[in-house]
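Structural characterization, general
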Amino acid sequence: MPTAMEVFQSDITTLQVDALVNAANSSLLGGGGVDGAIHRAAGPQLLAECRLLKGCEVGKAKITQAYQLPAKFVIHTVGPVWRGGNHQEAALLASCYQESLKLARRYRIKSIAFPAISCGVYGYPIDQAAVVAIQTVQLFLRSWETKLEIVYFVCFDKLVFNVYRKILGSLT
Ligand code: AR6
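Below you will find a few notes about this structure. (Residues numbered from 1 in each chain as written. Predicted model: local features only at pLDDT ≥ 70, side-chain atom pairs only at ≥ 80, totals over all residues. Heavy atoms only, no water.)

1. Concerning the side chain of threonine 136
What counts is decided by this rule: Helix numbering and strand numbering both begin at the N terminus, where a helix is a DSSP run of H or I of at least 4 residues and a strand a DSSP run of E of at least 2. Remark: exposure states derive from per-residue accessible area (1.4 Å probe, protein chains only) relative to the maximum for the residue type, with buried under 20%, exposed over 50%, and partly exposed in between. The criterion used for residue contact is that any of the two residues' heavy atoms lie within 4.5 Å.
Within the secondary structure, threonine 136 is located in helix 4 (residues 126-143). Exposure remark for threonine 136: the relative accessible area of 10% places this residue in the buried category. Those residues in contact with threonine 136, other than ones at most four positions away along the chain, are Ala94, Tyr97 and Gln98.

Structure follows, in structure tokens:
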């Protein structure tokens, strides 16, 4: 069975999936946006485990437990800050999705939910970021055998949801 990809408008912290992806910063010690929401919902044990990880580079990913969240794991990845598009932003953003999916594969994860990494505070234009997100996930799933049954792209607002839906629709 091929892995399904679905777009969802929701607060990612409410989802009962094997893994949630967090759009973190390189300290992994929390912040605003989706990172803040995940830490608030998971509780202080998440921050305690994150402290042991000693940070994370842009484009890389690290995994923790999910504590009070309904998910089983949190995969923390650090997206690039948008600096006009000529600073490896697309490659680094693609790497966030690849490295998160590599961890999902290693942990035999069946369902994973991605937020729109870098599209908030980090300023990545959503229409470009959504193409990178969807194409990278699609390529990974074609290239590697995984236990993944479903990949969710979770959009907080309608605008982001509509962009993803249009791009996914144009591919199928
Ligand atoms: N569920 C799903 N998506 C959300 C949620 C939520 N609860 N909250 C926000 N979003 P951002 P970034 C969307 O700023 O751009 C943090 O301070 C949001 O609408 O969370 O990668 C970190 O610590 C947007 O579309 O992440 C870093 O310092 C998307 O998630 C920095 O922000 C990403 O927005 C990372 O910035």
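2. A word on the packing of helix 4 against helix 5 (residues 158-171)
Cut-off, in case you're wondering: Where helices are involved, their axes are fitted lines through C-alpha atoms of the stretch in contact, as for all axes, and angles between N-to-C directions lie from 0 to 180°. Angles are sorted into four bins: roughly parallel if under 35 degrees, roughly antiparallel if over 145, roughly perpendicular if 65 to 115, and oblique for all others. Left-handed describes a crossing whose near helix is turned anticlockwise from the far helix through less than a right angle; right-handed describes the clockwise counterpart.
With their axes 10 Å apart at the nearest point, helix 4 and helix 5 run at an angle of 45 degrees to one another. Relative to helix 5, helix 4 is oriented oblique. Classified by chirality, the crossing of helix 5 by helix 4 is right-handed. Residue-level inspection shows Ile126, Asp127, Ala130, Val131, Ala133, Ile134 and Gln138 of helix 4 in contact with helix 5, the latter providing Leu159, Val160, Val163, Tyr164, Ile167, Leu168 and Leu171.

3. Focus: the environment of alanine 94
Mapped onto the elements of the fold, alanine 94 is located in helix 3 (residues 89-106). For the pair formed by alanine 94 and valine 137, sequence separation is 43 residues and the distance between their alpha carbons is 8.6 Å. In this structure alanine 94 touches Val132 and Thr136, once residues within four positions along its chain are discounted.

4. Some thoughts on the pairing of strand 5 (residues 111-114)
So the rule is basically this: We treat two strands as partners when DSSP finds at least two bridges between them.
Here strand 5 shows no split at all, with Ser111 and Ala113 on one side and Ile112 and Phe114 on the other all buried. As defined by bridge partners, strand 2 (residues 19-24) adjoins strand 5 across 2 bridges and the pair is classed as parallel. Residue pairing for strand 5: alanine 19 is matched across the bridge by isoleucine 112. Looking at chain direction, strand 5 and strand 6 (residues 150-155) are connected through 4 bridges and run parallel. Bridging across to strand 6, serine 111 finds its partner in isoleucine 150.

5. Focus: the site of the ligand
Defined as follows: Being near a molecule or strand, for a residue, means having at least one of its heavy atoms within 4 Å of it. Pairs of N or O atoms are called polar contacts if they sit within 3.5 Å, as long as, within protein, a hydrogen donor faces a hydrogen acceptor (for residues adjacent in sequence, only side-chain-to-side-chain pairs). All accessible-area figures derive from a Shrake-Rupley calculation using a 1.4 Å probe, and residue coverage is judged against the displayed protein chains alone. Three classes are used, and their members are as follows: Ala, Val, Leu, Ile, Met, Phe, Trp, Tyr, Cys and Pro are nonpolar, Asp, Glu, Lys and Arg are charged, and the others, Gly among them, are polar.
The local shell around the ligand holds 22 residues, among which Asn25, Gly32, Val34, Asp35 and Gly120 are the closest. Asparagine 25 is positioned with one of its side-chain polar atoms (N or O) 2.7 Å from an oxygen atom of the ligand. One of the backbone nitrogen or oxygen atoms of valine 34 is found 2.8 Å away from an oxygen atom of the ligand. Notes on the ligand: free accessible area 700 Å², of which the protein chains cover 91%. Put simply, the parts of the chain that give the shell around the ligand at least two residues each are strand 2 and helix 1 (33-42). No other element matches the 4 residues that helix 1 contributes to the shell around the ligand. Among the residues making up the shell around the ligand, the classes are represented as 11 nonpolar, 8 polar and 3 charged.

Read these as geometric descriptors, not functional statements.
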